[in-house]
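Observations on the model geometry
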Amino acid sequence: MQILSAKQQRDLDRFTIENEPISSVDLMNRAASLCADEIIGELKPGNSVVLLCGTGNNGGDGFVLFRYFKLLPIPVSCYLVPFGQMSEDCRIQYELVKNDVLVWDAETNPESDENTIVIDALLGIGSNKTPLNELKNAIEWTNKTSCTVYSIDMPSGLPADEIPSHQIIVQASKTFTFHAPKLTFFLPETAEYTGDWKVLDIGLLSDPDLEQSSRSWIRENEVKSLIPNRKRFSHKGTYGHGLLIAGSNGKMGACLLSSEAALRSGLGLLTVHTVSQGKFQLHQRIPEAMAHWDSNENELSGENLPDLRSFLAIGIGPGLGQGKGTRLALEKVLDSKLPCVIDADALNVLSENADLLKKLHEHCILTPHPKEFGRLAGSFENSLDRLERAVHFSRKFGCVLVLKDAITAVINPKGEVHFNTTGNPGMAKGGSGDVLTGIILGCLAQKFPPFDAACIAVFHHGSAGDKAKKLKGERAMLPGDLTANLQIE
């Protein structure tokens, strides 16, 4: 699903009004009725409702909602929070309910408790300015309550396309946004304001010229469309032979986690090149993997790798250390031009060797977390700056980037960015990234194109984490639980 800017959203509204055709007021009624259905469906006995309506079209949505809630046998109050001139459509909706609407001022303090639902229809997508006066007061009151807060289209005060310079923003429990998600739903500095969010299809007409976007949200049905069914008359050779270069003394766990994840992802054959000290651990834990021992016992030498021409894809980095052997092995991997995923210590070696950066190619996938990306591409001011730098990096070096975070961004050399929202804080443990590396390796070995392989892997990595959370809880779950719950279909 594409991520649209505020301007694109407004242009599509206008296009629908002109071509459906439908009046702007009726389109507002349609959107607000869908919000009403969602919110009413979540009401519980004892709930009361407070609506906060601004003077723009988002306020108009709120006044429509007020009409719906007045029909329910629950306490409901509606406040007009005045700022600026009232839009024409908002005024039409206001006139229908104005006798029952209160006007917010500095002394306003609505009665509320933990059973109160506050509906934020103050600003929506319509403003990037710092809220002031009554508007600021209403937002601050909302955030001080213990109420459940539903925002309509956007949490008020939160821009759709940029990181705000202020913090006067509604902290929503849930956001009902129209037609498409917005960029700030995916950025660390701003995503927490939305709470849970849901996209409502308000029936806008599609126009490819107006909906062109380089940014998308990864959805399950889109990922499934990338994965073909396995054929009955197939064999291990059908699904590729991958090579994992990983592990060193004291860090064999990373190697084992990545190895098992690669096998669980569906590749046909896996060879693991690791230090000879890891013989017992690898054979005991991952009997399905073939082993190729490094000439060194404790640290990679990089001298006696297997013949790389025997493999369809390579993963390198988990638990390797940053010695000379890692650099030598990485150079050989890059020179092979094979599809590869570069992670962990291999990324750190890459960031320290400009000559290796020049060897990156279109079949490479890099998986940095924010600090690793900073070492690769330089410091950044915020997550939006980091995203723009990542797009530039991917274009410059022609590789795919998996920019790991709570919401991971997958970026290709065309500048396309796909955001993934599966996963949870229980995955914030050492070893989770090693599992992801294994999954990506497995997908590459099955001949998925690098960008598709990265999107498939990131989505299912997070989905496995969500399954593990249900079984173990966020605190108790382990990276090994991700592999145990991995299901790529």
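All values reported here derive from a predicted model rather than from experimental measurement. (Residues numbered from 1 in each chain as written. Predicted model: local features only at pLDDT ≥ 70, side-chain atom pairs only at ≥ 80, totals over all residues. Heavy atoms only, no water.)

Describing the overall build of the protein chain
Short version of the rule: Helix numbering and strand numbering both begin at the N terminus, where a helix is a DSSP run of H or I of at least 4 residues and a strand a DSSP run of E of at least 2. Summary of the burial criterion: residues with accessible area below 20% of their type's maximum are buried, those above 50% are exposed, and those between are partly exposed, where the area comes from a 1.4 Å probe applied to protein chains only. In what follows, residue pairs with any heavy atoms lying within 4.5 Å of each other are defined as contacts.
Within the protein chain, the regular secondary structure consists of 16 helices and 17 strands. Principal-axis analysis of the C-alpha atoms gives the protein chain an extent of 85 × 50 × 45 Å. Expressed as a percentage of the 489 residues in the protein chain, the buried residues total 55%. Within the protein chain, counting contacts between residues at least 6 apart in sequence, those at least 24 apart form 70% of the total.

Notes on helix H7 (residues 252–264)
For the record, the criterion: Expected helix span is given by 1.5 Å per residue-to-residue step, counting one fewer step than there are residues.
Over its 13 residues, H7 extends 18 Å from the first C-alpha to the last, a length consistent with the 18 Å expected when each residue adds 1.5 Å. For H7, the elements touching its buried residues are strand E9 (241–245), strand E10 (269–274), helix H8 (279–285), helix H14 (432–445) and helix H16 (479–484). A positive phi of about 110 degrees marks Gly266, the residue just after H7.

Some thoughts on the packing of helix H9 (residues 324–336) against helix H10 (residues 344–351)
For any two helices packed against each other, one specifies the crossing angle of their axes together with the interaxial distance. For clarity, the threshold we go by: Every angle, taken between N-to-C directions, lies between 0 and 180 degrees, and every axis is a line fitted to C-alpha atoms, over only the stretch in contact when it is a helix. Each angle receives one of four descriptions, namely roughly parallel if under 35 degrees, roughly antiparallel if over 145, roughly perpendicular if within 65 to 115, and oblique otherwise. Any residue that is not Ala, Val, Leu, Ile, Met, Phe, Trp, Tyr, Cys, Pro, Asp, Glu, Lys or Arg is counted as polar, Gly included; the first ten are nonpolar and the last four charged.
Relative orientation of the contacting elements H9 and H10 amounts to 85 degrees, with a least axis distance of 10 Å. Relative to H10, the element H9 lies roughly perpendicular. When H9 is examined against H10, the residues Thr326, Arg327, Leu330 and Leu334 are found in contact with a partner set consisting of Asp345, Ala346, Val349 and Leu350. Taken together, the residues of the contact of H9 with H10 sort by class into 5 nonpolar, 1 polar and 2 charged.

Quick word on the pattern of salt bridges
Side chains carrying opposite charge are able to pair once their charged atoms draw close together. The cut-off we apply is this: Just to be clear on terms, a salt bridge is a Lys or Arg side-chain nitrogen sitting within 4 Å of an Asp or Glu carboxyl oxygen.
Per the counting criterion, the structure on display carries 21 salt bridges. Between Arg285 and Glu260 there is a salt bridge, with its nearest N and O atoms 3.3 Å apart. Residue Arg285 is found in helix H8, and its partner Glu260 is found in helix H7; the two are separated by 25 residues along the sequence. Its salt-bridge partner being Arg309, residue Asp307 comes within 3.1 Å of it at the nearest N-O pair. Assessed through its relative accessible area of 75%, Arg309 is described here as exposed. Residues joined by salt bridges that share partners form a network here, namely Lys7, Asp11 and Arg14.

Considering the sheet that holds strand E5 (residues 148–152)
As a reminder, the rule being used: Note: two strands are recorded as paired if DSSP finds a minimum of 2 bridges between them.
Ordered by their spatial adjacency, 7 strands build an open sheet running E3-E2-E1-E4-E5-E6-E7, and the pairing between neighbours is parallel. Edge positions in the open sheet fall to strand E3 (101–103) and strand E7 (196–200), since each of these has one partner strand only. If you compare each strand with its neighbour and ignore which way they point, the axes differ by 20 degrees on average. Pairing between strand E1 (residues 48–53) and strand E2 (residues 76–80): 5 bridges, direction parallel. Bridge pairing in E2 links Cys53 to Leu80.

Observations concerning the packing of aromatic side chains
Going by this rule: Note on aromatic contacts: the rings of Phe and Tyr and the six-membered ring of Trp form a pair at centre separations within 6.5 Å, being stacked when their planes are under 30 degrees apart, edge-to-face when over 60 apart, and tilted otherwise.
One pass over the full model with this rule turns up 11 aromatic pairs. For the pair Phe373 and Phe380, a centre-to-centre distance of 6.4 Å together with 35 degrees between the ring planes defines the contact as tilted. Of the residues examined, Phe380 reaches a relative accessible area of 27% and is grouped as partly exposed. When the centroid spacing of 4.7 Å and the interplanar angle of 50 degrees are considered together, the rings of Phe393 and Phe397 count as tilted.

Comments concerning the side chain of Asp207
Relative to the helices and strands, Asp207 is located in the loop between E7 and strand E8 (215–217). Beyond its immediate stretch of four places on either side in the chain, Asp207 contacts Leu12 and Phe15.

A word on the sheet that holds E10
Strand order in this open sheet of 10 strands is E8-E17-E16-E15-E14-E13-E12-E9-E10-E11, and the pairing throughout is mixed. With one partner strand each, in any of the chains shown, E8 and strand E11 (290–293) form the two edges of the open sheet. Sheet twist, expressed as the average angle between the axes of neighbouring strands with direction ignored, equals 20 degrees. Sitting on the sheet, helix H13 (residues 383–397) is in contact with E8, strand E14 (364–366), strand E15 (400–403), strand E16 (408–411) and strand E17 (417–420), with an inclination near 155 degrees to E15. Running at roughly 170 degrees to E16, helix H15 (residues 450–472) makes contact with E14, E15, E16 and E17 of the sheet.

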